[in-house]
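Summary of structural features
Chain by chain, the residues:
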Amino acid sequence: MNVNIMNVDYSTKIPNNVNLSEDRQVLKALEGWHPGYMNWWGDMGPEGFQQSLVYLRTAYSVDPRGWAKFDYVRMPDYRWGILLAPQEENRVIPFGEHFGEPAWQEVPGEYRAMLRRLIVIQGDTEPASVEQQRHLGHTAPSLYDLRNLFQVNVEEGRHLWAMVYLLQKYFGRDGREEADELLRRRSGDADSPRMLGAFNEATPDWLSFFMFTYFTDRDGKMQLHSLAQSGFDPLSRTCRFMLTEEAHHMFVGETGITRVVQRTCEAMKEAGISDPADIARVRALGVIDLPTIQKKLNLHYSLSLDLFGSEVSTNAANAFNSGVKGRYHETQIQDDHRLHGDTYPVLKFVNGAITRVDEPALTALNMRLRDDYTQDCVKGLLRWNKVISTAGYDFKLTLPNVAFHRAIGEFREIHATPDGVLIDDAAWNAKQSAWLPSLEDGDFIASLMTPVTSVGEFASWISPPKVGINNKPGDFEYVKIET
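Presented here is an overview of the structure given in this document. (Residues numbered from 1 in each chain as written. Predicted model: local features only at pLDDT ≥ 70, side-chain atom pairs only at ≥ 80, totals over all residues. Heavy atoms only, no water.)

The helix and strand inventory of the protein stands at 13 helices and seven strands. Relative to the compact-globule value of 23 Å for 483 residues, the protein shows a C-alpha radius of gyration of 23 Å, a close match. Overall, the C-alpha framework of the protein stretches about 65 × 65 × 45 Å when taken along its three principal axes. The proportion of buried residues among the 483 residues of the protein is 57%. Within the protein, contacts between residues separated by at least 24 positions form 72% of all contacts whose residues are at least 6 apart in sequence. (Helix = DSSP H or I, 4+ residues; strand = E, 2+ residues; numbered from the N terminus. Rg over C-alpha atoms; globule rule 2.2 N^0.38 Å. Buried < 20%, exposed > 50% of the residue type's maximum accessible area, 1.4 Å probe, protein only. Contact = heavy atoms within 4.5 Å.)

If you want it as structure tokens, here you go:
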């Protein structure tokens, strides 16, 4: 393994392990893009904390045994780097029509448009989530949580850099134009919104943030795993290293929800409340009731399902056939990796009923990835439900049916309950606020969102974490806020 590929060159303005100092044309293009990025970060990055010293990790290597250093840094001074996982010698394309052929080090002409679009869509999600979360610093429940928010934000910024490097290096003028567009679009903007629906939604409170990092970042994980299989080796290597960082983002979501659930159960127990559905009494304790947590879960899970696109898709089939985008854990699947003649069960809306239909496996790849995603989501629910049952409460958080609250795919034209029962518009309108957060729910959660900035202290609605970041003690000052 080449040591220079492992360690990061900090001699240029842009930390990297892709030998940018020798690649003058790409370096010049990226240095030209850099001021626009800094303007975007200033305008759309975390609001109000740009001069605070934050205890952040910065990637200095791609060696899994030790790849990050922790230190205090002001966010505008963070070193956003271009880091690719080490190149695997003699890597071959692991699926599709080019199965077994050497992986591509340059973009094949016939797949150029497809690859560019996939990179742009992935790249667009990275700044979008920073924009969605920019106001959350003002209501953080602790310095620990504030630091985690900023860690997620700077790494989403780095992931944008990673995608922009691929566009600048491998796609010429149209790559440079796409890189500029990534800074021009804005989450939720009426005229130039972000490309995917969930990334134009507001993130109004910290429970939404935890749900987003658990459910929506997990969609990102599945997409990155699929792209990490790509026959285009620079994309594969880029995504493999991004996955290393993405794990922390989902950790923030999973443990955040765990801590909210735990605090609610503790407060109910202390107050002698035996019924979790006694919402008014639970809320009077200054914690978030479990039925409202379920509603938030319903919202974020269903929005995240839409990110997988249509269940049956010729685009997905083409991306697989061409060796551009594989399946989750492609190399561990026991089949011929070509899928000719194979089928995969897809839930469809047929003759007024939700029906399982065997579709050609090639066109059902989105459905398969979504099923993998759902299985991955279940792990967190098991942990959250363990907290509830250990506290002695008979209440289970559950994933709603895939037909519930959908805007894309087979079920976009219908209404279904979280249990998958089909209902008409009138029944949906009457019951919607029992299944999805209402304005009143939002107002209540917002009323709890008062910032806690004293070292080692936490808001009333969330428990402290079990361990600190980088094993720091409970009274560690994760963010030094300018006063």
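Here we come to the pattern of salt bridges. Applying the stated criterion across every chain yields a total of 32 salt bridges. Taking the shortest distance from any N to any O, the salt bridge between E47 and R134 comes out at 3.7 Å. You can see E47 sitting in the loop between α2 (24-44) and β1 (53-59) and its partner R134 sitting in the loop between α3 (112-132) and α4 (143-170), a full 87 residues away along the chain. On the accessibility criterion, R134 (14% relative accessible area) is buried. With a closest N to O distance of 3.0 Å, D205 and K296 form a salt bridge. One end of the pair, D205, is in the loop between α5 (172-184) and α6 (206-228); the other, K296, is in helix α9 (residues 290-306), with 91 residues separating them in the sequence. K296 shares its class with D205; the two are buried. Where salt bridges share partners, they join D124, E131, E181, R184, R185, R186 and R194 into one cluster. (Salt bridge = Lys/Arg side-chain N within 4 Å of Asp/Glu carboxyl O.)

Here we take up the environment of R370. Along the chain, the position of R370 falls in helix α11 (residues 365-390). For R370, a relative accessible area of 1% puts it in the buried group. In this structure, the C-alpha to C-alpha distance between R370 and L307, residues 63 residues apart in sequence, is 9.1 Å. For R370, the residues in contact, after removing those within four places along its chain, are L305, F308, E311, V402 and R406.

A few words now on the sheet that holds strand β7 (residues 479-480). Pairing within the open sheet is antiparallel, and its three strands lie in the order β2-β1-β7. Each end of this open sheet is capped by a strand with a single partner; those strands are β2 (68-74) and β7. Its contacts with the sheet put α4 on β1, β2 and β7, and the angle it makes with β1 is roughly 40°. (Pairing = 2+ DSSP bridges. Axes fitted to C-alpha atoms, helices over the stretch in contact; angles between N-to-C directions.)

For residues besides glycine, phi is generally negative; the peptide bonds are generally trans as well. Even without being glycine, H337 reaches a positive phi, approximately 65°. Tracing the backbone through its elements, the reader meets H337 in the loop between α10 (314-321) and β3 (343-350). The class for H337 is buried, based on a relative accessible area of 9%.

The next subject is the packing of aromatic side chains. The final tally for this structure, using the stated rule, is 33 aromatic pairs. Relative to F70, the ring of Y55 has its centre 5.5 Å away and its plane inclined at 25°; by these criteria the two rings are stacked. With a gap of 15 residues between them, Y55 in strand β1 and F70 in strand β2 connect regions that are remote in the sequence. A residue is classified by how much of its surface remains accessible, and Y55, at 6% relative accessible area, is buried. Relative to W435, the ring of W428 has its centre 5.8 Å away and its plane inclined at 45°; by these criteria the two rings are tilted. In terms of burial, W428 and W435 fall into one category: buried. Put simply, the rings of W33, Y37, W40, W41, Y78, W80 and W161 pair up and form one aromatic cluster. If you follow K69 out to its NZ or CZ, it ends over the ring of Y60, 4.1 Å from the centre. For K169, the ring lying beneath its charged end belongs to Y170, and the centroid distance is 5.5 Å. (Phe/Tyr/Trp six-rings, centres within 6.5 Å; stacked < 30°, edge-to-face > 60°. Lys NZ or Arg CZ within 6 Å of the ring centre and 35° of its normal.)

Among the secondary structure elements, D145 is positioned in helix α4. Not counting the four nearest positions on each side in its chain, D145 is found in contact with W206, F210, R259, F458 and I462.

Another aspect to go through is the packing of α4 against α6. It is the contact of α4 with α6, at a shortest axis distance of 12 Å, that shows an interaxial angle of 40°. Judged by the inter-axis angle, α4 sits oblique to α6. Handedness of the crossing formed by α4 with α6: left-handed. Contact with α4, carried on its side by D145, L146, L149 and E156, involves W206, F209, F210 and D217 of α6 and no other residues of that element. Residues of the contact of α4 with α6, tallied by class, amount to five nonpolar, no polar and three charged. (Parallel < 35°, antiparallel > 145°, perpendicular 65-115°, else oblique. Left-handed = near helix turned anticlockwise from the far one by under 90°. Nonpolar A, V, L, I, M, F, W, Y, C, P; charged D, E, K, R; others polar.)

Counting buried positions along β1 gives six out of seven residues, so the element sits mostly inside the fold. Across seven bridges, the pairing between β1 and β2 is antiparallel. Counted as the bridge partner of A59 is A68 from β2. As judged from the two bridges shared by β1 and β7, these two strands associate in the antiparallel manner. Bridging from a neighbouring strand, V54 pairs with V479 of β7.

Purely geometric numbers; function is a separate question.
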